[in-house]
Amino acid sequence: MENCLFCKIIAGDIPSTKVYEDDKCLAFRDIAPMAPTHILVIPKAHIGGVDELTADNSAVVAHIFSVIPQIAKEEGLANGYRVVSNVGDDGGQTVRHLHFHILGGKKLSTEMA
Ligand code: 5GP
Ligand code: ZN
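Quick summary incoming for the structure in this document. Since the model is a prediction, treat every value here as computed from it, not as a measurement. (Residues numbered from 1 in each chain as written. Chains lettered and ligands numbered in written order. Predicted model: local features only at pLDDT ≥ 70, side-chain atom pairs only at ≥ 80, totals over all residues. Heavy atoms only, no water.)

### Some words on the sheet that holds strand β3 (residues 37-43)
Reasoning step 1: If you trace the 5 strands from one edge of the open sheet to the other, you get β1-β2-β3-β5-β4, paired in antiparallel fashion. Whereas interior strands pair on both sides, the edge strands pair on one side only; in this sheet they are β1 (18-21) and β4 (81-84). Mean inter-strand twist for the sheet, computed between neighbouring axes without regard to direction, equals 20°.
Reasoning step 2: Pairing between strand β2 (residues 25-29) and β3: 5 bridges, direction antiparallel. Residue pairing across strands places leucine 26 opposite isoleucine 42, the latter belonging to β3. (Pairing = 2+ DSSP bridges. Helix = DSSP H or I, 4+ residues; strand = E, 2+ residues; numbered from the N terminus. Axes fitted to C-alpha atoms, helices over the stretch in contact; angles between N-to-C directions.)

Below, the structure is given as structure tokens:
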């Protein structure tokens, strides 16, 4: 997808600090971390956000959620963590490529909204 920041990261056109990669997804450190551990997990196929998921393209989400616990374990998040996906303007989504934030390494705010 042209002009998609995360597609450019997948292509290697924009550098990132990768923590996990396979044929379906990529995980890398957020450039502006909001917690001691802040990782983004994205599908390699472009999907704009949770609002673009369908029965046909959502299998990658199950895959990502099978990878997230592995990443959390490797990052030492034994005490817990948060997985977040912002959707659209009201959800505060700034990059229109589906991504799941993994946040941890401290006691997180209990504010959800
Ligand atoms: P959103 O606001 O869409 O939920 O999350 C987008 C995230 O991408 C933000 O947390 C932001 O810090 C991160 N981000 C934006 N540009 C870059 C970049 O070029 N590299 C990395 N590693 N993260 C980025
Ligand atoms: Zn994209």
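Additional details are given in the paragraphs that follow.
### Quick look at the coordination of the zinc ion (ligand 2)
Reasoning step 1: At the metal site, the zinc ion (ligand 2) is ligated by Cys4 (SG), Cys7 (SG), His46 (ND1) and His97 (ND1), and these contacts range over 2.1 to 2.3 Å.
Reasoning step 2: Given 4 donor atoms and angles of 103 to 116° at the metal, the environment of the zinc ion (ligand 2) is assigned as tetrahedral.
Reasoning step 3: Counting gaps between the donor residues of the zinc ion (ligand 2) yields the pattern C-x2-C-x38-H-x50-H.
Reasoning step 4: Residue cysteine 7 is classed as buried on the basis of its relative accessible area, which comes to 12%. (Donors = N, O, S within 2.8 Å, 3.2 Å for Na, K, Ca; no water. Tetrahedral: all angles 85-135°; square planar, octahedral: opposite > 155°, others 65-115°. Buried < 20%, exposed > 50% of the residue type's maximum accessible area, 1.4 Å probe, protein only.)

### Describing the nonpolar core
Reasoning step 1: Ile39, Val41, Ile64, Ile68, Ile71, Phe100 and Ile102 are the most contacted members of the largest nonpolar core, which totals 16 residues.
Reasoning step 2: Those elements that place two or more of their residues in this core are β2, β3, α2 (59-74) and β5 (100-104).
Reasoning step 3: The element that contributes the greatest number of residues to this core is α2, accounting for 7 residues.
Reasoning step 4: Contact partners of isoleucine 39, with chain neighbours within four places excluded, come to Val19, Ala27, Phe28, Arg29, Asp30, Ile71, Glu75, Phe100, His101 and Ile102.
Reasoning step 5: Formed by 9 residues, the second largest nonpolar core is a distinct cluster that contains Cys7, Ile9, Leu40 and Val95. (Core = buried A, V, L, I, M, F, W, Y, C linked by side-chain atoms within 4.5 Å. Contact = heavy atoms within 4.5 Å.)

Shape descriptors only; they carry no functional weight alone.
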